[in-house]
Each structure stands twice: as C-alpha cells, then as structure tokens.
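Single-letter residue listing:
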Amino acid sequence: MERGMISVDRWAEGSQVYFLTHLHADHTAGLSSSWKRAPLFCSRITAKLFPPKFPGFDLSLLRVLEIGQWYSLSLVSLSTGLETRIEVIAIDANHCPGAVMYLFRGEFGCMLYTGDFRWEVTCKIAKVGKMMLLGALRNDKVDTLYIDNTYCNPSYSFPSREVAAQQVVNIINSYPEHDIIIGIDSLGKEDLLLYISKMLKVKIWVWPERLQTMHLLGLHGNFTTKTTLTRVRAVPRYSFTVETLEGLNTMRPTIGIMPSGLPWALKKDGCKDKSCGLPSTKTEMGICLGINMPNKYTNNIEKHHQYIYTVPYSDHSCFPEIVEFVKLLCPSHIKGIVSSSSSYIDPCYYLRNIYGTSSLYKKPEIKEGSGRVEGKHESTLACDGCIEEKKRKRIKEYQSCLHKTRVSLLRRFKCGVKLINED
DNA sequence: GCGATCAGAT
DNA sequence: CACATCTGATCGC
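### What about the side chain of T230?
Locating T230 in the fold gives a position in the loop between β12 (223-224) and β13 (232-236). There is a polar contact of 2.7 Å between the side chain of T230 and the backbone oxygen of K203. When residues no more than four places from it in sequence are discounted, the contact partners of T230 are V202, K203, I204, W205 and T224.

### A few points about the environment of Y71
With respect to the helices and strands, Y71 occurs in strand β5 (residues 70-76). Between the C-alpha atoms of Y71 and E177, which are 106 residues apart in sequence, the distance is 54 Å. Leaving out residues up to four positions away in the same chain, Y71 has contacts with V64, L65, E66, I86, E87 and V88. Within the local environment of Y71, its side chain forms a polar contact with the side chain of Q69, the two groups lying 3.5 Å apart.

### Here's the deal with the sheet that holds strand β17 (residues 333-336)
Adjacent strands of a sheet pair through backbone hydrogen bonds, lying either parallel or antiparallel. Across the sheet, six strands lie side by side as β5-β6-β7-β8-β9-β17; this open sheet has mixed pairing. The strands lining the two open edges of the sheet, one partner per strand, are β5 and β17. Strand-to-strand twist across the sheet, computed as the mean angle between neighbouring axes with direction ignored, equals 20 degrees. In the sheet, β5 pairs with strand β6 (residues 83-92) via seven bridges, with the strands oriented antiparallel. Bridge pairing in β6 links L75 to T84.

### A word on the nonpolar core
Formed by 64 residues in total, the largest nonpolar core has its most connected members in I6, F19, L40, Y102, F104 and F325. Among the elements that take part in this core, helix α8 (residues 319-329) stands out by supplying six residues, more than any other. F104 has contacts with I6, V8, F19, I86, E87, V88, G109, C110 and M111, leaving out every residue within four places of it along the chain. The next biggest cluster of nonpolar side chains, apart from the first, holds 39 residues, and it includes V169, I171, V235 and L248.

### A closer look at the packing of helix α2 (residues 124-137) against α8
For the pair α2 and α8, the least separation of the axes is 12 Å and the interaxial angle reads 25 degrees. Classified by the angle their axes make, α2 and α8 are roughly parallel. Between α2 and α8 lies a crossing whose hand is right-handed. Two secondary-structure elements touch here, α2 through K130, L133, L134 and L137 and α8 through F325, L328 and L329. Partitioned by chemical class, the residues of the contact of α2 with α8 number six nonpolar, no polar and one charged.

### Some words on the packing of aromatic side chains
According to the stated counting rule, one finds 18 aromatic pairs in the structure shown. The interplanar angle of 20 degrees and the centroid separation of 5.0 Å between the aromatic rings of F19 and F41 together place this pair among those described as stacked. Here F19 is found in strand β2 (residues 17-19), whereas its partner F41 is found in strand β3 (residues 40-42), with 22 residues between them in sequence. Take F19 and F41: they sit in the same class, and that class is buried. The interplanar angle of 70 degrees and the centroid separation of 4.7 Å between the aromatic rings of W119 and F325 together place this pair among those described as edge-to-face. You can see W119 sitting in the loop between β8 (109-113) and α2 and its partner F325 sitting in helix α8, a full 206 residues away along the chain. Judged by its relative accessible area of 0%, F325 is buried. Taken together, the ring pairs in this structure connect W11, Y18, W35, F50, F54 and F57 into an aromatic cluster.

The rules we used
- Residues numbered from 1 in each chain as written.
- Chains lettered and ligands numbered in written order.
- Predicted model: local features only at pLDDT ≥ 70, side-chain atom pairs only at ≥ 80, totals over all residues.
- Heavy atoms only, no water.
- Helix = DSSP H or I, 4+ residues; strand = E, 2+ residues; numbered from the N terminus.
- Polar contact = N/O pair within 3.5 Å; in protein donor to acceptor, adjacent residues only side chain to side chain.
- Contact = heavy atoms within 4.5 Å.
- Pairing = 2+ DSSP bridges.
- Axes fitted to C-alpha atoms, helices over the stretch in contact; angles between N-to-C directions.
- Core = buried A, V, L, I, M, F, W, Y, C linked by side-chain atoms within 4.5 Å.
- Buried < 20%, exposed > 50% of the residue type's maximum accessible area, 1.4 Å probe, protein only.
- Parallel < 35°, antiparallel > 145°, perpendicular 65-115°, else oblique.
- Left-handed = near helix turned anticlockwise from the far one by under 90°.
- Nonpolar A, V, L, I, M, F, W, Y, C, P; charged D, E, K, R; others polar.
- Phe/Tyr/Trp six-rings, centres within 6.5 Å; stacked < 30°, edge-to-face > 60°.

Read these as layout, nothing more, since geometry by itself doesn't imply function.
So, in structure tokens, the structure goes:
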C-alpha cells in the first residue's frame, strides 16, 4: 500500500508533513482546532493569523518557513523504510497576506505548488518573487507544476491591482455624497482598502473580527469599527447582495463595489437580475461611467445593478499572466489545483499551445498516470497539455455521465494534494 | 451532544 | 456567472 509523504493544503491522514499555502477556507477544509496529525509548515504571516482561525489548535505543531530560505527535511519512506531528504523553499505568492508557493526538491524531482497566486510582473513584490523563484530554481527544470488555474481561460484578462484600485477610488469619488460598501473576504484585499483609505483620507469600517485581522497584520491607523466615522465600509462578501444594497438605499444613498476577477464580462447581453431592468450592461456602463471617469481606468468596470459596480481587482493570475508564468518555467507536467465549473474538464487546456507557438520552448513530455497525486487530482483532472483529443473527448463523456457524483467529490477535494511515494 | 461534512445560498 | 464564505441539515461517534 502506498504511504503518504507530503500534503499541500490537504489535511487527511497519511502524510508525514503538511504544508499550508494560505488561510482561505477552501485551502483549510479538513483542518480544525483539534487537528494534530503532524508538523504543519506555513509562512510567518500565516502562522500569526492562524490562532484566531483555529482557537485551541496545538501551536507547537506549526513550523514557520521564512520566505526565500531553503529548508531540508528528513522524511521516512514508509514503503522502503529508508530515510529520504526533501528540500523546500517558500516564495511569496502575491495572493493574500501570508500566501506562499512552495518549491520542493527530492527524490520525486523538482516540484512547484503555486497555491493561489497572482503573477503580476509589473508589481514590485512579484518582481522580487520572480527573482527569488528563478534563483531557487537555478538551472533546474520544474518537473511538475501545480498551478492556480482559476482564470486559466483566454477570456480572462484584467489590469494590475494598482490600476483596479484606482478604478475603485474613481467610482467612490464620483459619488461624493453616497455611502460606499465594498465586498471582501475574511482575508485579502488589504492593499486595496489601504489605497482607498490613503487616497481619500478616510478610515474604512470593517467588522470586529476583520479589525482583529488588520491589527495582526500590523495595520492600525486606517480601519475602524465605528460606523459614524466614515462613509466607506468593507463588508463580508456573503452579505453583499442586491437586497442588502436596496435595503441600505431606503435609508441612505449607497453604492456597492465588488472587487473581483472578471467572470461577469463573459456575459453576452442584458442583465439577468430582473430587478435591474436594464436593456444591456454595455449601455448601462456607458451611461454611468462615461462622464465621471477617464477612459484609461474604465475599461473593465461593469455596472450590473443600479447600485452595484464590479471592478476587476483580482488576487488570482489572469490568463496572460498564467501563460507568462508557464513560459518562464517550462515545466514538464502541469496540473491545475482548482476545479471550478469553468475550468472543470481540462483546466489547462488553453495552455496546450504555449510550447508549440515558440521554438524556444520544448514540448512537454507527458507521462500519464505518473501517480504522485491523490485527491481531486486524478488523472482525469490533470491538465497535461499534450493529452490527445480522443482521450479528452472520452474523459469528457465519462465525466458528463458522472457529473453529480463528481461534483460532490470535487467539493470534498477542492484544493490540495497529497504527494506520495512511488513504490 | 459535538464535530465533521454536505448542500445550498449569497 | 467566480470565488470564498456562511448557514443549516445531516452524518457518525
């Protein structure tokens, strides 16, 4: 029987060491306060944010990995009983506070697990990350790349977060008398809120738990839990709905802003929301944005409702960034770590031509069923670029048959992999 | 009764 | 619609 060695963002039993890329809930499913299977490696910031998320957790299990530093771990191959060493380095993933990618070296070769990441080469942090990654790789080639394929589709392209942040500021400025609410998650988008706070010289309201997170991150001056101090509030995304906005507007004029990737741009025509009553989103965009904002910043803003704007502020890489990243690394194998409806069948299907389009890049050699990964990353979900058309079609039909079962399976193994010994 | 997991909504 | 999160129902001990 195969035994586990390393798990990343996966918390079931069977591994000797566990790695956490960041603290978003879909990467911690299965982790709990009572979890105590083995040492848990993470970044310093993640370790700092960890206790309030898992009160009572045995913190002696946490192992902090400093970013950019190699660590060597001694593991036991349970099938052979022999000691084997692996090396690991954490690199800033530029996703949310504490988020890192992990580069592993060991008997399994060279493996990079990006976790959720944004490869925004125009930004300083990403440039540092790039240098660090290239430095860590030296002349090694990545054998297997586990990549954040959330937006691994040519339809997804969005501006830098700096540009998107300015779009948000412009929207707020165009409603000087309105209250503003911004939908955010329990972690992430801090830079956006800081930018708004600094540009508009306002504090931003957050809910109490979120203020605690801000304080743990060392952000003290820009946030408040007192509603009276500001017209700008950041609210949990799940409570950000059309109904909420309509309710708020019966009391005070309020505009909602949803910073998010760009899925809605795929929508063809009209607004599905019946309460919207608009003939088309494009028309509405023209009316709402034409006057107040310079063109440079309005390319991707969408207004889907009388009170709601969507701004393409994304903590995931868009498609051109994913392509850039894959071209840089030239990995032998690629596997997507996210299974969502849009990238469900073959998450990296659209990457298949990257090597082919440039003679500089070697065509990847695909070994099917290499069997290093368990969980949701079964062979049918691996996005090996060179998989033949016939096989893909077969898989598609198969998955279509099993759709219901599969969806529930995918939910269970949403993120994370277990890397196992090859016996 | 509690935590873990799942389905559904937001 | 995506992603990430929440709530409430159900399962298993």
